[in-house]
Amino acid sequence: MTARLLDGKATAAAIREELAAQVAERVRRGLPPPGLAAILVGDNPASQLYVRNKHKACQQVGMRSWIHHLPADITAARLLGLIEQLNADPHVHGILVQLPLPPHLDESAVQEAVDPRKDVDAFHPENAGLLTLGRPRFYPCTPHGVVQLLRRHGYETAGKEIVVIGRSNIVGKPLALMLLQKRTVPNPAAGDATVTIVHTRSQDLARLCQRAQIVVAAAGVPAMITPEMVAPGAVVVDVGINAVAGRIVGDVHPAVAEKAAAVSPVPGGVGPMTIAMLLLNTLRAAQLFQDSSKPS
Ligand code: GUN
């Protein structure tokens, strides 16, 4: 079997078109375009590329976007001062602080400084808590990208056995929550699935993965998911972005495509979907801002 490709590039382009139409309609009604401020600290080349791609994507859909590029030795006080300024700026609906930060900066303190209503990454504890309770304000971008990539290729998660490999706060944990939770009106992207989270300390990883109808690999280990670990006909989503000898490779070994029903490529799978979901959250943040400033 050669697996079907879960084409994140094309799917994200379709989502961007839908968002561009919604932004244009907003502007036609006299509302300001959604605005996203990205903060980049230091000169990590991967982070620079991600932030540039996010900026370009905003422009493609008619949103405003600003990049605040700060030196690697910026003090915490100055960074927090900028966040405070952006929290108060009515043109800025979404704020993202690109991770990782240099080691002298406390990532948790920085994430908590962002106004949770502008926290389009959904990293703030308030937004993590709301997601956990099944009352999400924003879905975190990469987990939401995975869910939408599956759904838009016709793969339903309700009732399915899904194994999530990785337990990070950015991907594994929130994705497992989304897949697990009841799909309801306030929680429309949730999954109704039976979810297992596996990680580096799990015993017999292969046996745990083999029972899954859908496998999501988010471990950050190049090519760790091999064909023996995957059931014939499984759907495999690769969240890995690993630099190996100057190339970007995923967590899924290429030979898995001979056994699985569908696989997402790296690059061109979850990566573009993450950015599309960031745009969706920025639009949502602008809508929430406008709703909160209506006279009651
Ligand atoms: N670094 C790696 N992934 C992400 C992400 O989704 N958001 C931010 N802000 N930084 C990241």
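Description of the structure in this document. Just so we're clear, the structure is a prediction, and the values are computed from it rather than from any experiment. (Residues numbered from 1 in each chain as written. Predicted model: local features only at pLDDT ≥ 70, side-chain atom pairs only at ≥ 80, totals over all residues. Heavy atoms only, no water.)

Bringing a nonpolar patch on the surface into the picture now. There is a patch of nonpolar side chains on the surface, built from Tyr-50, Ile-241 and Ile-248 and spanning about 250 Å² of accessible area. Inspection of the secondary structure puts Ile-241 in the loop between strand 8 (235-238) and strand 9 (242-244). Judged by its relative accessible area of 43%, Ile-241 is partly exposed. (Patch = residues over 30% accessible without salt bridge, like charges linked within 9 Å, V, L, I, M, F, W, Y side chains within 5 Å. Areas by Shrake-Rupley, 256 points an atom, 1.4 Å probe, with all protein chains shown as cover. Salt bridge = Lys/Arg side-chain N within 4 Å of Asp/Glu carboxyl O. Helix = DSSP H or I, 4+ residues; strand = E, 2+ residues; numbered from the N terminus. Buried < 20%, exposed > 50% of the residue type's maximum accessible area, 1.4 Å probe, protein only.)

Moving on, we get to the layout of surface pockets. Of the volumes computed, that of the largest pocket is approximately 1,400 Å³. As for the largest pocket, its lining consists of 47 residues, and the residues nearest its centre are Tyr-50, Thr-142, Ile-241, Gly-271 and Thr-274. Mapped onto the lining of the largest pocket, the elements with two or more residues apiece are helix 1 (8-28), helix 2 (45-60), strand 4 (94-97), helix 6 (141-151) and helix 9 (270-292). Ranked by the residues each element gives to the lining of the largest pocket, the list is headed by helix 2, at 9 residues. When its residues are assigned to classes, the lining of the largest pocket shows 27 nonpolar, 13 polar and 7 charged. Each pocket or cavity is described by its volume, and for the second largest pocket that value is around 330 Å³. Along the wall of the second largest pocket there are 17 residues; nearest its centre are Ala-122, Phe-123, Ala-128, Asn-169 and Ile-170. When residues of the lining of the second largest pocket are assigned to their parent elements, the largest contribution, 4 residues, is made by helix 5 (residues 125-132). Its residues assigned to classes, the lining of the second largest pocket shows 10 nonpolar, 5 polar and 2 charged. (1 Å grid on protein atoms, 1.4 Å probe; cavity = no way out; pocket = protein on both sides within 12 Å on 5 of 7 lines; lining within 4 Å. Points joined across faces, edges and corners; volume = space filled by probe spheres on them. Nonpolar A, V, L, I, M, F, W, Y, C, P; charged D, E, K, R; others polar.)

So, on to empty space enclosed by the protein. Taken as a whole and judged by the stated rule, the model has 1 cavity of 30 Å³ or more. Taken as a whole, the largest cavity spans an internal volume of roughly 60 Å³. If you trace the largest cavity, you find it lined by Ile-95, Leu-96, Val-97, Gln-111, Val-114, Asp-119, Asp-121, Phe-123 and His-124. In terms of residues, the lining of the largest cavity owes the most to one element, strand 4, which gives 3 residues. Each residue belonging to the lining of the largest cavity can be placed in one class, and the counts come to 5 nonpolar, 2 polar and 2 charged.

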